[in-house]
Amino acid sequence: MNTVTFTPAVATLTYERIVEQIETAITSGAIVAGDHLPSERELMVQFSVSRPTVREALRVLQSMGLIESKPGGRGGPRVLEPSPQSLTRSFTTMARLDSLSMTELVQFRLVLESSACRLAATLHNAEQLAVMRSAIERMEQAVGKDAEAFARADVDFHLAVWEASGNSLLTMCGRAVAEAIVGLITQQLVDSEATERTEASSAALDREIFEAIAARQAVEAGRRARQAIYDRYVPLLPEAANAGLDALLA
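1. Brief notes about the overall build of the protein chain
Then, number 1: Within the protein chain, the regular secondary structure consists of 11 helices and two strands.
Then, number 2: Counting from the amino terminus, helix and strand elements in the protein chain follow one another as α-α-α-β-β-α-α-α-α-α-α-α-α.
Then, number 3: A burial count over the protein chain gives 41% of its 250 residues as buried.
Then, number 4: Intrachain contacts of the protein chain at a sequence separation of at least 6 include 72% that bridge at least 24 residues.
Then, number 5: As displayed, the protein chain offers around 13400 Å² of accessible surface, 54% of which is attributable to carbon and sulfur atoms.

Next comes the structure, spelled out in structure tokens:
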């Protein structure tokens, strides 16, 4: 049990003040991943609020991906490791509320993917390269045979690249934006020619990226990554998006 002590919350928007204090304690490192918050009863006493207020604050913190509550678990809610899921939810929500366009998400992924590939080409080790090679081979074997296996191998390849970049923020943002894009346009991908030809093309592009990374050709790896994102998503975006993506592709 940690020894962090909270102060009573002010009357206005009480649960938000509770969220703010707990979030600050987590982001400052006063409470670390794996620690448990005090029980609901203890939080009620420390914040001088009712149980419903505490529960609302915990619900918000859980929706933010900061804590996990398990019924019947020992101690209070457990603090979670940072994950891309909360970022994915944020990207998706902003896109659905028209605060962020699909074009902007694709542009962001293009920049992230290119940077990650350049770093991976420079920094990868033999074990990371072996993971990438295995994913590429599984993609190629699944073309036209098993769409689920193909998609899983595709994700595994890009995850291996992001991790080989050595930059945890790139890895987290890369996963988050990729999941948000796919989640938002899944039906478009299904309705488009997501056939054996499309899978074969995607596998070939990823194979080119892999070969450039393996050869430690950083600039070429970044170029091929940009081209792969462009080729996959431009047909699904408004024509007005082309100018911005063309600028990033150049």
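Moving on, there is more to tell.
2. Digging into the side chain of His 158
Then, number 1: When you line up the elements, His 158 lands in helix α7 (residues 147–164).
Then, number 2: Of note is the side chain of His 158, whose polar atom sits 3.4 Å from the side chain of Asp 206.
Then, number 3: With residues up to four places along the chain from it excluded, the contact list for His 158 reads Arg 109, Glu 113 and Asp 206.

3. Concerning the confidence of the model for the protein chain
Regions with low pLDDT carry predicted coordinates that are not meant to be interpreted in detail.
Then, number 1: Here the protein chain averages 85 in pLDDT, and 90% of its residues register 70 or above.
Then, number 2: Across the protein chain, element-level confidence peaks in helix α6 (residues 126–142) with a mean pLDDT of 96 and bottoms out in helix α4 (residues 84–96) with 75.

4. Some points on the packing of helix α5 (residues 102–123) against helix α11 (residues 242–249)
Then, number 1: Packing of α5 against α11 leaves a shortest axis separation of 10 Å and a crossing angle of 5°. Taken as axis vectors, α5 and α11 run roughly parallel relative to one another. Where α5 approaches α11, its residues Val 106, Gln 107, Leu 110 and Val 111 are matched on the opposing element by Gly 244, Leu 245 and Leu 248.
Then, number 2: A breakdown of the residues in the contact of α5 with α11 according to their chemical character gives five nonpolar, two polar and no charged.

5. Let's talk about the nonpolar core
Then, number 1: Ranked by size, the top nonpolar core spans 28 residues in total, and within it Phe 91, Met 102, Leu 105, Val 106, Ile 181, Tyr 233 and Leu 245 carry the most contacts.
Then, number 2: Of all the elements in the fold, those that place two or more residues in this core are α4, α5, α7, α8 (168–191), α10 (218–233) and α11.
Then, number 3: In terms of residue count, the dominant contributor to this core is α8 (eight residues).
Then, number 4: With sequence-adjacent residues up to four places away left out, Met 102 is seen in contact with Ile 181, Leu 184, Ile 185 and Leu 237.

6. Details of the pattern of salt bridges
Then, number 1: Per the counting criterion, the structure on display carries 13 salt bridges.
Then, number 2: Taking the shortest distance from any N to any O, the salt bridge between Arg 207 and Glu 211 comes out at 3.2 Å. Here Arg 207 pairs with Glu 211, and both are found in helix α9 (residues 196–214), just four residues apart, close to one helical turn.
Then, number 3: For Arg 207, a relative accessible area of 22% puts it in the partly exposed group.

7. Brief notes about the environment of Asp 231
Then, number 1: Position of Asp 231 relative to the elements: it lies in helix α10.
Then, number 2: Measuring from C-alpha to C-alpha, the distance between Asp 231 and Ser 201 comes to 9.5 Å, with 30 residues separating the pair along the chain.

8. Some words on the environment of Gly 76
Then, number 1: With respect to the secondary-structure elements, Gly 76 resides in the loop between β1 (67–68) and β2 (78–79).
Then, number 2: Since its relative accessible area comes to 11%, Gly 76 is described here as buried.
Then, number 3: Sequence separation between Gly 76 and Glu 42 is 34 residues; the distance between their C-alpha atoms is 9.2 Å.

9. What about unusual backbone geometry?
Then, number 1: Backbone geometry at Ser 48 places phi at a positive 55°, although glycine is not the residue there.
Then, number 2: When you line up the elements, Ser 48 lands in the loop between α2 (40–47) and α3 (51–63).
Then, number 3: Phi at Arg 216 takes a positive value of approximately 60°, unusual for a residue other than glycine.
Then, number 4: On the basis of relative accessibility, which here comes to 45%, the residue Arg 216 falls in the partly exposed class.

Conventions used here
Throughout this description, residue numbers start from 1 for each chain and increase along the sequence as written. Confidence filtering applies because this is a predicted model: local features only for residues at pLDDT of at least 70, side-chain atom pairs given and counted only at 80 or more, and all residues used for totals across whole chains, interfaces and linings. With hydrogens and water excluded, all non-hydrogen atoms of the structure serve as input to the side-chain values. Put simply, DSSP H or I for four residues or longer makes a helix, DSSP E for two residues or longer makes a strand, and each gets a number counted from the N terminus. With a 1.4 Å probe rolled over the protein chains alone, any residue whose accessible area is under 20% of its type maximum counts as buried; one over 50% counts as exposed, and the rest are partly exposed. Here, residues are in contact when the closest pair of their heavy atoms is within 4.5 Å. Surface accessibility in these figures is a Shrake-Rupley result with a 1.4 Å probe; residues are shielded only by whichever protein chains are displayed. What qualifies as a polar contact is a pair of N or O atoms within 3.5 Å, subject to a donor-acceptor requirement within protein and to the restriction that residues adjacent in sequence count only when both atoms come from side chains. pLDDT runs from 0 to 100 and stands for how confident the predictor is about each residue. Lines fitted to C-alpha atoms define the axes here, with helix axes fitted over just the stretch in contact, and angles between the N-to-C directions of these axes take values from 0 to 180 degrees. Working rule for angles: under 35 degrees goes down as roughly parallel, over 145 as roughly antiparallel, 65 to 115 as roughly perpendicular, anything else as oblique. Gly is placed with the polar residues, together with every amino acid not listed as nonpolar (Ala, Val, Leu, Ile, Met, Phe, Trp, Tyr, Cys and Pro) or charged (Asp, Glu, Lys and Arg). Nonpolar core, defined: a set of buried Ala, Val, Leu, Ile, Met, Phe, Trp, Tyr and Cys residues in which side-chain atoms within 4.5 Å join the residues together. Here, a salt bridge means any Lys or Arg side-chain nitrogen found within 4 Å of an Asp or Glu carboxyl oxygen.

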